[in-house]
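The lines below spell out each chain.
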Amino acid sequence: MDKSSALEYINHMFPTETSLSGVEPLMQKIHNEIRRVDAGILAAVRQQSNSGTKAKEDLAAATHAVEELMYKIREIKTKAEQSETMVQEICRDIKKLDFAKKHITTTITALHRLTMLVSAVEQLQVMASKRQYKDAAAQLEAVNQLCSHFEAYRDVPKITELREKFKNIKQILKSHVFSDFSSLGTGKETEESNLLQQLSDACLVVDALEPSVREELVNNFCNRELTSYEQIFEGAELAKLDKTERRYSWIKRRIRTNEELWKIFPPSWHVPYRLCIQFCKKTRKQLEGILDNPQEKLDVGKLLLALQRTLEFEDELAEKFGGGTQNREVVNEIEEIGRGESDSRDVSDIRKKYERKLAANQGTETEEKDRNRDLSVPGAGFNFRGIISSCFEPHLTIYVELEERTLMEHLEKLVQEETWDVEEGSQNNVLSSSTQLFLMIKRILKRCSALTKSQTLYNLFKVFQRVLKAYATKLFARLPKGGTGIVAAATGMDGQIKTSDKDERVICYIVNSAEYCHRTAGELAESVSKIIDPQLADGVDMSEVQDEFSAVITKALVTLVHGLETKFDIEMAAMARVPWGTLESVGDQSEYVNGINMILTSSIPVLGRLLSPIYFQFFLDKLASSLGPRFFSNIFKCKLISETGAQQMLLDTQAVKTILLDIPSMGQQTSNAASYSKFVSREMSKAEALLKVILSPIDSVADTYRALLPEGTPMEFQRILELKGLKKADQQTILDDFNKHGPAITQPIIAPTVVPATPAIPSPPAGMNLASVGFIASREDVLARAAALGRGAATTGFKRFLALTEAAKDRKDGPFRKLFNA
């Protein structure tokens, strides 16, 4: 039941008086339950009492079992100790006998070896005195092994005596061997037939002695062999640079003559190899004295011949003895200069080039493994290349100066003999002087790389830089001079550039040649960086030279545009002379339009054939940016323009626009025609809008002007009114109304400043602020013009450079202005 009070329980069981009759049965039931619970409690108490007694009995039994186990363990331990004592007693006598046996055996062995050592030393002494080298060599090995067994008995007097005696015998053998070898090469070997065999046996003795004995013997032999060499070539007659080849002939003849004689030396001694090393060191020392002699003036021819013979000798030694690696790809790298990898090049040629490079890399790895293997062999792996020839390096300045003079003279001759023309059918349309110049540079580079790959090659590379800069200057000087107009504003040139058809072709050839030199100079630097010593490779850079040729390309293309622009002067003047105010009817396109068409049709096909797409695109951009605004400004130079004249001029404008849009197809280069057409349409639409304003009625001319030419200025609007033939009074009324409403945009347009030499509108009255009326283009206009000229420039770095120069051309200072004024 729940936790409730007794009262609540009673009230629950007996809620009414009538229910009290059930009290007795309930009481009886409770008493019965009490009796049942008491009986259960009693039974549980009895059971718990019985369980406690049994647990005590079990615990007592377990304790007794543990005591018995401990007793048994103690018994076992006691018996084990007794057994151990018994075993030790049994084995004590056996150990004594074992130690005694070991000591007796060691003593017998030591005495036996001592007897052998004494006997061997005595025999060795007899062999040494009789020079029995072959037997002495074997005996030396035996004595050395026996002595190693007595290292622990060094303090024993007898052993010390024997070791000292053995040391003296080795010294006697050494003196005998050195004495016998001193007769080698004196002719005694022919008189005494057994001398060579005796010396061959002596080599066995030397190998059995300390390694220092062999080193000393070989060094003495090499020094004795080279004594006569030093005496011969230190004399006044042969101590000259032109006698260098005779030095190498002497050592080669010496080795060849004594080849059979020197076979007495074991191959592991590498006697010819060691002799050549000593010879190279002595030769280098003598050559340094000759080269540093201030009384002797070095001759370039003799110097190079001596260096060439020295390099050939070093290569022979490296091939004979191993050591040193040589770049097999030097010639291939130089041959690749100037070939490029244009689209017209055959795929198989490119594949072969990379196959050669892969083979060269694999060959280099093989040589590196071989070199490492040779270095592990005693006496091998020495690098003969450069051991003598490196002493020539500080004195090759006169060679570099000679090559520079030769190159400069050759350059002058090439430029003087240059026809400034290219044969028909030529693929690259490059001037022969540029290709011939790089051919000579390649020959010089090949010649120098065969002589040295150190500082001299780096100095020669600097010569190549100066020569190529000089060639860029000569290409720059060949361009036509002078000029006016929009290009003059950009370049700062004075006068006009008049170019003939031949001049245009020459300019294209200069552009192509400068591009060829730009590309080939980079290939030259890449090849030299692979050939030259690694520590000098970082200084090999042609960026300054390439910048020079980039400047030539920029100047040439700008000159080409300006020359074509100059041809339009006559047609622009003819346009201004047409009596537009008195025309009676509209007919075919005017004669000046035909003249513009003739100029373009005679020049554009040639230019499109000669120029690459990127430079032809730049040319089109500059031409459109010049002719479009110039045509617009030329309308203001006309006198009165009637409605019929305006219609005729509008027809001419459409014809000029069509001609300009057809230029890419004339040049057979239509890759970027879409962007060019959009640019031309935008420029020519200004002229069309101007003519539409002139055609509009008087009462709506101001609104039309604002709508079609929102960038216009009040002065332009006044000039339009003059072209329409209005009188001053009528003009003033319209101008007052125009100024009252104000122009849509007050920023000046570019057109009046496109051609500074021929202003687009009349000179302003005295005292008027030119900037306020639109004569000076703002910085925003210049940047906008640069953005228009450089559209699509993100595709090529060169066009981006041209766009930047166009944007900065109106500045009076800065690096771009200096570039144009160069």
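Note that this is a predicted model, so its numbers are computed, not measured.

Trainee: Give me the lowdown on the overall build of the protein chain, citing residues and values where you can.
Mentor: Along the backbone of the protein chain there are 30 helices and zero strands. Taking all 822 residues of the protein chain together, 42% fall into the buried category. Within the protein chain, counting contacts between residues at least 6 apart in sequence, those at least 24 apart form 78% of the total. Summed over its atoms, the accessible surface of the protein chain is roughly 45000 Å², and 54% of this surface lies on carbon and sulfur atoms.

Trainee: Talk me through the environment of Q132; I want residue IDs and the actual numbers.
Mentor: With respect to the element layout, Q132 can be found in the loop between α2 (23–130) and α3 (133–149). Q132 gets classed as partly exposed once you look at its relative accessible area, which sits at 31%. A sequence separation of 41 residues divides Q132 from L173, and the C-alpha atoms of the two residues are 9.8 Å apart.

Trainee: I'd like a description of helix α8 (residues 244–257), backed by residues and values.
Mentor: Helix length check: α8, at 14 residues, gives a terminal C-alpha distance of 20 Å against a target of 20 Å (1.5 Å per residue), a fit within 8%. Here α8 has its buried residues at T244, R247, Y248, W250, I251 and I255. The buried residues of α8 occupy an angular sector of 150 degrees when projected down its axis, which confines them to one face. Turned more than 90 degrees from where α8 packs its buried face, R256 and T257 sit exposed. Where α8 is buried, its residues contact α7 (211–233), α9 (271–291) and α10 (300–321).

Trainee: Describe the side chain of T452, with residues and values.
Mentor: In this structure, T452 sits in the loop between α14 (432–451) and α15 (455–478). A relative accessible area of 8% places T452 in the buried class. Looking at T452, its side chain comes within polar contact range of the side chain of E393, at 2.6 Å. A polar side-chain atom of T452 sits 3.1 Å from the main-chain amide nitrogen of S454. Among all residues touching T452, those that are not within four sequence positions of it are E393, L396 and L457.

Trainee: Would you mind going over the environment of D621 in detail, with residue names and values included?
Mentor: Locating D621 in the fold gives a position in helix α20 (residues 613–635). Taking relative accessible area as the criterion, D621 reaches 2% and is therefore assigned buried. On a C-alpha basis, the gap between D621 and S675 in space is 9.8 Å, while along the polypeptide they are 54 residues apart.

Trainee: A description of the nonpolar core should follow, citing residues and the corresponding values.
Mentor: Within the largest apolar cluster, 192 residues are counted, with the highest numbers of intra-cluster contacts made by F181, F265, L468, L600, F619 and I635. It is helix α17 (residues 501–531) that provides the largest number of residues to this core, a total of 14 residues. Setting aside its immediate chain neighbours within four residues, L468 contacts L437, F438, I441, A521, L524, M542, V545 and F549.

Trainee: An account of the confidence of the model for the protein chain is needed here, citing residue identities and associated values.
Mentor: Considering every residue of the protein chain, the mean pLDDT works out to 76; 78% of them sit at 70 or more. Here helix α27 (residues 770–773) stands out as the least confident element of the protein chain, with mean pLDDT 30; α15 is the most confident, with 92. Predicted confidence is poor over residues 341–350, with pLDDT under 50, and the contacts of this stretch with residues over four places away or in other chains come to five contacts. Every residue in residues 491–495 is under pLDDT 50, and counting partners more than four places away or in other chains gives 18 contacts.

Trainee: Provide a residue-level description of unusual backbone geometry, including the pertinent values.
Mentor: The phi torsion at H270 lies on the positive side, around 55 degrees, for a residue other than glycine. Residue classification places H270 among the partly exposed residues on the basis of a relative accessible area of 22%. For W420, which is not glycine, the phi dihedral falls at a positive 55 degrees. The topology assignment puts W420 in the loop between α13 (397–417) and α14. Judged by its relative accessible area of 11%, W420 is buried.

Trainee: Describe in detail the packing of helix α4 (residues 157–181) against helix α6 (residues 195–208), supporting the description with residues and values.
Mentor: Packing of α4 against α6 brings their axes to within 10 Å, and their N-to-C directions diverge by 145 degrees. The hand of the α4/α6 crossing is left-handed. From α4, L173, V177, D180 and F181 reach across to α6, where they touch Q198, L199, A202, C203, V205 and V206. Broken down by class, the residue content of the contact of α4 with α6 amounts to eight nonpolar, one polar and one charged.

Trainee: So what about the packing of aromatic side chains? Which residues, and what values?
Mentor: Between two aromatic rings, the relevant description is the distance of the centres plus the angle of the planes. Following the criterion strictly, the structure yields 16 aromatic pairs and no others. Aromatic pair W580 and Y592: ring centres 6.3 Å apart, planes at 85 degrees, arrangement edge-to-face. Highlighted residues: W580 in the loop between α18 (543–577) and α19 (591–610) and Y592 in helix α19, separated in sequence by 12 residues. Sitting over the face of the ring of F178, K174 holds its NZ or CZ atom 5.7 Å from the ring centroid. Above the plane of the ring of W420 lies R478, whose end atom (NZ or CZ) is 5.0 Å from the centre.

Trainee: Just give me the short version of the pattern of salt bridges, but keep the residues and values in it.
Mentor: Tallied over the entire structure, the rule returns 23 salt bridges. Notably, a salt bridge pairs K252 with E316, separated by 3.4 Å at the nearest N-O pair. Here E316 lies in helix α10 and K252 lies in helix α8, a separation of 64 residues in the sequence. With relative accessibility at 39%, the residue E316 sits in the partly exposed group. Residue K657 is joined to E688 by a salt bridge in which the shortest nitrogen-to-oxygen separation is 4.0 Å. Here E688 lies in helix α23 (residues 673–695) and K657 lies in helix α21 (residues 643–661), a separation of 31 residues in the sequence. A single burial state applies to K657 and to E688, both of which are buried.

Trainee: Residue-level account of a nonpolar patch on the surface, with values.
Mentor: There is a patch of nonpolar side chains on the surface, built from V66, L69, M70 and I73 and spanning about 370 Å² of accessible area. Tracing the backbone through its elements, the reader meets V66 in helix α2.

Trainee: I'd love a proper account of the environment of Y676, names of residues and values included.
Mentor: Structurally, Y676 can be placed in helix α23. Judged by its relative accessible area of 0%, Y676 is buried. In the structure, Y676 is positioned 52 residues away from A624 in sequence and 8.4 Å away in space, judged by C-alpha atoms.

Trainee: Before we move on, can you summarise the packing of α13 against α15 with the specific residues and values?
Mentor: Following both chains from N to C, one finds α13 and α15 inclined at 20 degrees, their axes separated by 10 Å at the closest point. Accordingly, the angle class assigned to the pair α13 and α15 is roughly parallel. Crossing of α13 against α15: the hand is right-handed. Here Y399, V400, E403, E404, L407, M408, L411, E412 and V415 of α13 come into contact with α15, specifically with T456, N459, L460, V463, F464, R466, V467, A470, Y471 and K474. Tallied by class, residues from the contact of α13 with α15 come to 12 nonpolar, two polar and five charged.

Trainee: Describe the state of the cysteines, with residues and values.
Mentor: The final tally for this structure, using the stated rule, is zero disulfides. C276 forms no disulfide, and the closest cysteine sulfur to it belongs to C280, at a distance of 6.4 Å.

Thresholds, definitions, all that
- Residues numbered from 1 in each chain as written.
- Predicted model: local features only at pLDDT ≥ 70, side-chain atom pairs only at ≥ 80, totals over all residues.
- Heavy atoms only, no water.
- Helix = DSSP H or I, 4+ residues; strand = E, 2+ residues; numbered from the N terminus.
- Buried < 20%, exposed > 50% of the residue type's maximum accessible area, 1.4 Å probe, protein only.
- Contact = heavy atoms within 4.5 Å.
- Areas by Shrake-Rupley, 256 points an atom, 1.4 Å probe, with all protein chains shown as cover.
- Expected span 1.5 Å × (residues − 1).
- Arc of directions from axis to C-beta.
- Polar contact = N/O pair within 3.5 Å; in protein donor to acceptor, adjacent residues only side chain to side chain.
- Core = buried A, V, L, I, M, F, W, Y, C linked by side-chain atoms within 4.5 Å.
- pLDDT = per-residue confidence, 0-100.
- Axes fitted to C-alpha atoms, helices over the stretch in contact; angles between N-to-C directions.
- Left-handed = near helix turned anticlockwise from the far one by under 90°.
- Nonpolar A, V, L, I, M, F, W, Y, C, P; charged D, E, K, R; others polar.
- Phe/Tyr/Trp six-rings, centres within 6.5 Å; stacked < 30°, edge-to-face > 60°.
- Lys NZ or Arg CZ within 6 Å of the ring centre and 35° of its normal.
- Salt bridge = Lys/Arg side-chain N within 4 Å of Asp/Glu carboxyl O.
- Patch = residues over 30% accessible without salt bridge, like charges linked within 9 Å, V, L, I, M, F, W, Y side chains within 5 Å.
- Parallel < 35°, antiparallel > 145°, perpendicular 65-115°, else oblique.
- Disulfide = S-S within 2.5 Å.

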